[in-house]
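Understanding the architecture of this molecule
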Protein chains: 2
Amino acid sequence: MLLEFDSNAAFALGARMHDFDWGIVVTNLDGEVVHRSEIRIPDNAPTSAIATLKKGVEATMASVNRDRLMPAIGLGTPGLVDIHSGIIKSAVDVGWFDVPIRQMAEDALGTQTFVANRSKVGALAELWCVAAAAGIRDLIYISIGTGVASGIIHEGQLYIGANSSAGELGHTTVLPDGPLCPCGNHGCLQQIVSGPAIANRARERLRVTGGSLLTTLAGGHPERLTAQDVFRAASQNDPLALEVIEETASFLAIAVANLINLFNPALIVLGGPVGGADHLLTDMLQELVPRRAMAFPLSAVQIRTSSLGSDAGAIGASVLVLQEASKLLFGDA
Amino acid sequence: MLLEFDSNAAFALGARMHDFDWGIVVTNLDGEVVHRSEIRIPDNAPTSAIATLKKGVEATMASVNRDRLMPAIGLGTPGLVDIHSGIIKSAVDVGWFDVPIRQMAEDALGTQTFVANRSKVGALAELWCVAAAAGIRDLIYISIGTGVASGIIHEGQLYIGANSSAGELGHTTVLPDGPLCPCGNHGCLQQIVSGPAIANRARERLRVTGGSLLTTLAGGHPERLTAQDVFRAASQNDPLALEVIEETASFLAIAVANLINLFNPALIVLGGPVGGADHLLTDMLQELVPRRAMAFPLSAVQIRTSSLGSDAGAIGASVLVLQEASKLLFGDA
């Protein structure tokens, strides 16, 4: 062998901001995590988020081989991020509007920073760590948690759109007269298949019918029920929980079939705290999606649960750095 | 001026196949039509379509300056076209399956041939003739006629997908329990907003309520009513026709808002025999889409009726040639 590729020749730094914490990883050139840490953000001020990031990055730098660390960081943040200006236009969950996160990070860390939405970089993680090796260059990553969002990869590149807001899957309509969404629309996917929406529907039915395994799981506090509890009960064949998950899957199937008909991807990956936690949703989609998607694009696509777990966002953030390094080394192809 | 660009320095040949005719155009480098003709295809055999194309192209060649004509032709055809192999995988309307249209055309015409779906090339026509001059590189062309399809332009290139079947907008779900579509799905956009669907709904209501301008337009033959008649009556404020068009617009608005949220385009253009015939639909969309689309991607998009009329497909087919020539001259950027 003339030349052997050493995956550990260099490392990249990535950080994913969840509502009130940063997950920070160091990955090798294959996107494998060689170091991970989490650090809590004390409040919702952007300056606090950046100060916390600095603390976390410094702790990380102290515990890895800095010689091989590339001089840059990728950030996966909540909200609508203008990828060109590095400004978070709006992140409703944390109450941020027009926050120049890239500039703030570069000032605090003194290193080049790349920023994108955390679900979009989740798609980059799937591309870099899983799909690319199988020759897949068109994929969609769907993150289901407190909200629903997606990242789209087209011909190996993140699909950005005219003002960096492509991929707002959670706000596509799946039920024209469905529940009102804070975005102003009725019947947004997110209002039916997000974690809180799943838990709410389970709670409602529990109040009406009772007698479910969920009563036990709730321990007298139905307000504490989570989507994860509903999945747990469903996997034990609890009828009420199964009904709620089946309804969830039937609406998710509409959105997934729409994605297949519109984007013709080779791979759709479910991730996020709810979407990536259980294979049940994916199993149901395997049966439901073919009833809605067109046969020809359907024949090109696989639907899978993410294998990256809660690391997906932070890994994807580090891929922002890896992609940039790769462009410098190998050109834009 | 050192160098002046002469739009008429070279010409490109394009042909759009409608169900049983070819529209053939010669365009200059700006995509402006300098010659157009139509020729009827006698039956639905692929060999007949190719023989007719040959006749039409020969007639065209006899009446334009052949010295400046580029030695290639672009075809916009019905159906799912594999853009890499040049094979029509399926075109249900004409009953074609696995027809190697590019090879057949090259054999018959003796010239290099490029093939794509006729709605997809419609998007190329809008890009080349209208949008590019305004700096727009992300647009979606929606063709509404007997069916509903779309062509997606992303960063100045046709969006193809994993097996050339991206853009099947007509088969996205806008009403989960809506009418059954021949594709197997329920509530496909096409079953509600295509020309035949509009005419059918008008007919049904006419039977129940009567007393519409449509009764006059139908002249005692409601079975002859077309979507164009319904638009004509609506533009004269006929209440029944207006109700049908408003319903049509409300479902189209769901699909358009979904496109805006997913693709974040800078421009959406309505074309085709129904979509491009009247500004009424676009006017209604201007009001309905903002109720459903997210504010940020919405702020980046314009919605317009195509100005290219029935030439869009043939012009777009010629753009397949113009783009290829442009790549040879200026590279792939």
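Here's a quick rundown of the structure. (Residues numbered from 1 in each chain as written. Chains lettered and ligands numbered in written order. Predicted model: local features only at pLDDT ≥ 70, side-chain atom pairs only at ≥ 80, totals over all residues. Heavy atoms only, no water.)

What about the overall build of chain A?
Scanning chain A for helices and strands turns up twelve helices and 13 strands. A globule of 333 residues ought to have a C-alpha radius of gyration of about 20 Å, and chain A, at 20 Å, matches this closely. With 333 residues in all, chain A has 58% of them scored as buried. Of the roughly 13600 Å² of accessible surface on chain A, a fraction of 53% belongs to carbon and sulfur atoms. Side-chain charges in chain A split into 22 positive and 33 negative, and the spacing between the mean points of these groups amounts to 3 Å. (Helix = DSSP H or I, 4+ residues; strand = E, 2+ residues; numbered from the N terminus. Rg over C-alpha atoms; globule rule 2.2 N^0.38 Å. Buried < 20%, exposed > 50% of the residue type's maximum accessible area, 1.4 Å probe, protein only. Areas by Shrake-Rupley, 256 points an atom, 1.4 Å probe, with all protein chains shown as cover. Lys, Arg positive; Asp, Glu negative; His and termini not counted. Charge placed at Lys NZ, Arg CZ, Asp CG, Glu CD.)

Examining the packing of helix α8 (residues 239–263) of chain A against helix α8 (residues 239–263) of chain B
For the pair α8(A) and α8(B), the least separation of the axes is 12 Å and the interaxial angle reads 75°. By the angle between their axes, α8(A) is roughly perpendicular relative to α8(B). On the side of α8(A), the interface is formed by Leu259(A), Leu262(A) and Phe263(A), while α8(B) contributes Leu259(B), Leu262(B) and Phe263(B). Of the residues that constitute the contact of α8(A) with α8(B), the class distribution is six nonpolar, no polar and no charged. (Axes fitted to C-alpha atoms, helices over the stretch in contact; angles between N-to-C directions. Parallel < 35°, antiparallel > 145°, perpendicular 65-115°, else oblique. Contact = heavy atoms within 4.5 Å. Nonpolar A, V, L, I, M, F, W, Y, C, P; charged D, E, K, R; others polar.)

A look at the packing of aromatic side chains
Scanning all chains against the criterion turns up six aromatic pairs over all chains. Between Phe263(A) and Phe263(B), the aromatic rings sit 3.9 Å apart at their centres with planes inclined by 15°, giving stacked as the arrangement. Placement of Phe263(A) in helix α8 and of Phe263(B) in helix α8 is noted, with the two residues assigned to different chains. Here Phe263(A) falls in the buried class, since its relative accessible area comes to 0%. Clustering of aromatic rings is evident, with ring pairs tying together Tyr159(A), Phe263(A), Tyr159(B) and Phe263(B). (Phe/Tyr/Trp six-rings, centres within 6.5 Å; stacked < 30°, edge-to-face > 60°.)

Some thoughts on the relation of the copies chain B and chain A
Superposing the two chain copies requires a rotation about an axis and a translation along that axis. Overlaying chain B with chain A gives an RMSD of 0.0 Å, the required rotation being 180° about an axis along which the chain moves by 0.0 Å. A rotation of that kind, with that shift, is consistent with a two-fold axis. Interface overlap between copies is the fraction of interface residues in one copy that are interface residues in the other; for chain B against chain A it reaches 100%, indicating a shared surface. (Least-squares fit on C-alpha atoms with pLDDT ≥ 70 in both.)

A look at the sheet that holds strand β10 (residues 148–154) of chain B
Residue and element names in this part refer to chain B. The strand order β11-β10-β9-β12-β13 describes an open sheet built from five strands, whose pairing is mixed. Each edge of the sheet is formed by a strand with only one pairing partner; in this case those strands are β11 (157–158) and β13 (302–305). Across five bridges, strand β9 (residues 139–144) lies against strand β12 (residues 267–271) in parallel orientation. Bridge pairing in β12 places Ser143 opposite Gly271. Packing of helix α10 (residues 280–288) onto the sheet brings it into contact with β9, β12 and β13, and relative to β13 it is tilted by some 165°. (Pairing = 2+ DSSP bridges.)

Things to note about α8(A)
End to end, α8(A) covers 35 Å across 25 residues, agreeing with the expected 36 Å (1.5 Å per residue, within 8%). With respect to burial, α8(A) is a largely interior element, 20 of its 25 residues being buried. (Expected span 1.5 Å × (residues − 1).)

Details of the interface of chain B and chain A
Taken residue by residue, the interface counts 42 residues in chain B and 42 residues in chain A. At the boundary of chain B with chain A, total buried surface from both sides reaches about 3700 Å², with 59% on carbon and sulfur atoms. Considering only the side of chain B, the residues that lose the most area to chain A are Leu262(B), Arg292(B) and Phe296(B), jointly responsible for 20% of the buried surface there. Applying the counting criterion to the chain B and chain A interface returns zero salt bridges. Seen at the junction of chain B and chain A, the total is 28 residue pairs in polar contact (both at pLDDT 80 or more). Secondary-structure elements contributing two or more residues to the side of chain B that touches chain A are β10, α8 and α11 (295–298) of chain B. (Buried area = accessible area lost by both parts, 1.4 Å probe. Salt bridge = Lys/Arg side-chain N within 4 Å of Asp/Glu carboxyl O. Polar contact = N/O pair within 3.5 Å; in protein donor to acceptor, adjacent residues only side chain to side chain.)

A few points about the pairing of strand β10 (residues 148–154) of chain A
All names here are of chain A. Counted residue by residue, β10 has seven buried out of seven residues, so it is predominantly covered. Looking at chain direction, strand β9 (residues 139–144) and β10 are connected through six bridges and run antiparallel. Residue pairing for β10: Ile142 is matched across the bridge by Ser150. The turn linking β9 back onto β10 is made up of three residues. Bridging between β10 and strand β11 (residues 157–158) involves two bridges; their strand directions are antiparallel. Residue pairing across strands places Ile153 opposite Leu158, the latter belonging to β11.

Notes on the sheet that holds strand β6 (residues 87–91) of chain A
Residues and elements named next belong to chain A. One open sheet holds the three strands; their spatial order is β5-β6-β7, and the pairing between them is antiparallel. In this open sheet, the two edge strands, each paired with only one partner strand, are β5 (80–82) and β7 (96–99). The sheet shows a mean angle of 15° between the axes of neighbouring strands, taken without regard to direction. Bridging between β5 and β6 involves three bridges; their strand directions are antiparallel. Looking at the pairing, Asp82 lines up with Ile87 of β6.

A word on the nonpolar core
It is characteristic of soluble globular proteins that their nonpolar side chains tend to be buried jointly. Ranked by internal contacts, the top residues of the largest apolar core, which has 104 residues, are Ile142(A) and Ile142(B). Not counting chain neighbours up to four residues away, the residues in contact with Ile142(B) comprise Val148(B), Ala149(B), Ser150(B), Leu169(B), Val256(B), Leu259(B), Ile268(B), Val269(B), Leu270(B) and Gly271(B). (Core = buried A, V, L, I, M, F, W, Y, C linked by side-chain atoms within 4.5 Å.)

What about the side chain of Lys120(A)?
For Lys120(A), the location among the structural elements is in helix α3 (residues 118–131). Setting aside chain neighbours within four positions, we find Lys120(A) in contact with Ser150(A), Gly151(A), Leu158(A), Tyr159(A), Ser164(A), Ser165(A) and Ala166(A).

Section: the packing of α8(B) against α10(B)
Residues and elements named next belong to chain B. Relative orientation of the contacting elements α8 and α10 amounts to 55°, with a least axis distance of 9 Å. Considered as vectors, α8 and α10 are oriented oblique to each other. Crossing geometry of α8 relative to α10 is assigned as right-handed. Of the residues in α10, those in contact with Leu242, Ile245, Glu246, Thr248, Ala249, Ser250, Leu252, Ala253 and Val256 of α8 are Leu280, Leu281, Met284, Leu285 and Leu288. Partitioned by chemical class, the residues of the contact of α8 with α10 number eleven nonpolar, two polar and one charged. (Left-handed = near helix turned anticlockwise from the far one by under 90°.)

Brief notes about the environment of Arg118(B)
Residue and element names in this part refer to chain B. Structurally, the position occupied by Arg118 is in helix α3 (residues 118–131). Each C-alpha atom, one on Arg118 and one on Gly76, is 4.0 Å from the other, the two residues being 42 residues apart in sequence. Residue contacts for Arg118: discarding those within four places in its chain leaves Arg16, Met17, His18, Asp19, Gly76, Thr77, Pro78, Asp93 and Gly313.

So, the pattern of salt bridges
All names here are of chain A. By the definition in use, this model includes 18 salt bridges over all chains. Here Asp98 ties to Lys89 by a salt bridge, and the two come within 3.3 Å at their closest N and O atoms. Shared partners join several salt bridges into a network, and the residues in it are Arg201, Arg205, Glu243 and Glu247.

What about helix α7 (residues 227–235) of chain B?
All names here are of chain B. Ala227, Asp229, Val230, Phe231, Ala233 and Ala234 are the residues of α7 that are buried. The inward-facing, buried residues of α7 abut α5 (195–209), α6 (213–218), α8, α9 (272–275) and α10. Just beyond α7, the residue with positive phi is Asn237, at close to 65°.

Regarding the side chain of Asp229(A)
Residue and element names in this part refer to chain A. Structurally, the position occupied by Asp229 is in helix α7 (residues 227–235). With relative accessibility at 11%, the residue Asp229 sits in the buried group. Leaving out residues up to four positions away in the same chain, Asp229 has contacts with Leu214, Leu217 and Arg224.

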